[in-house]
Amino acid sequence: MNVLLDNLDVYVRGFGGTLGLFVVASIGSLIVGTLIAGMRVSPVPVLRGFGSAYVTILRNTPLTLVLFFFAFAYPRLGLIDLSFFALACIGLTLYTAAFVCEVVRSGINTVPVGQSEASRALGFTFTQTLGQVVLPQALRATVPPMTNVQIALLKNTTIAAGFAVFNAGGIYQTVSERGYNVLVGLLWVALFFVILVAPLTWLQRSLDARWGVSR
């Protein structure tokens, strides 16, 4: 308990950074991933090709390399000057969006084709059909896998600690430098992650139970 109390400032700052990364990347990945999923089912070949290429490249690239690019290669491009925190958010967003895309696309595939055909018969455009008819039904089927993706994102934020973004992944270093037991310090980190994941698990079960009947 002394390890936690004596280093409470470190834990607060570390998990504050983790939550900041998670919230920004979670919202960003949901938006980007849904857009990419729309491209993957689009009737336009160029958009389908871009969506497929995006998912193939990002899903098969280690997150460490993605963050390495934004931490060290991006600044050399001479583009907009961004903080390491912002770059880490972008890297996490783009990487996670590839997995969100596949979850949303799988949900779209669960919607009966007749729904799309009926909406087109009524004069709906592809965008209107996707946004007003297909996605509202598809998202109900994506709750369990989408929650798993977000839980993975929460844990993946620790990798950013290796790229000058202080979060829960870097707590052990400070604890070690202060002369405390690193193992005990890591156990507290693990416990707090369990506490953070619990609300996501509860939300998944709650939504799944509420929408399960309608499916």
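An unreviewed UniProt entry lists the protein chain under the name Amino acid ABC transporter permease, with Pseudonocardia kongjuensis given as the organism. The heading Subcellular location (unreviewed entry) in the UniProt record of the protein chain holds the text "Cell membrane". Database annotation for the protein chain, UniProt heading Sequence similarities (unreviewed entry): "Belongs to the binding-protein-dependent transport system permease family. HisMQ subfamily."

Caption draft 1: Molecular detail of the packing of aromatic side chains. A full pass over the atoms with the stated rule returns five aromatic pairs. Here the aromatic rings of Phe-68 and Phe-72 are separated by 4.8 Å at their centres, their planes lie at 45°, and the arrangement is tilted. Taken together, the residues span about one helical turn, with Phe-68 and Phe-72 both in helix 4 (residues 63-73) at a distance of four residues. The exposure class assigned to Phe-72 is partly exposed, which follows from its relative accessible area of 43%. Both rings, one in Phe-69 and one in Phe-70, keep their centres 5.2 Å apart while their planes meet at 85°; by these two values the pair is edge-to-face. Taking relative accessible area as the criterion, Phe-69 reaches 37% and is therefore assigned partly exposed.

About the criteria used
- Residues numbered from 1 in each chain as written.
- Predicted model: local features only at pLDDT ≥ 70, side-chain atom pairs only at ≥ 80, totals over all residues.
- Heavy atoms only, no water.
- UniProt positions renumbered as here; feature names shortened; annotations may be inferred.
- Phe/Tyr/Trp six-rings, centres within 6.5 Å; stacked < 30°, edge-to-face > 60°.
- Helix = DSSP H or I, 4+ residues; strand = E, 2+ residues; numbered from the N terminus.
- Buried < 20%, exposed > 50% of the residue type's maximum accessible area, 1.4 Å probe, protein only.

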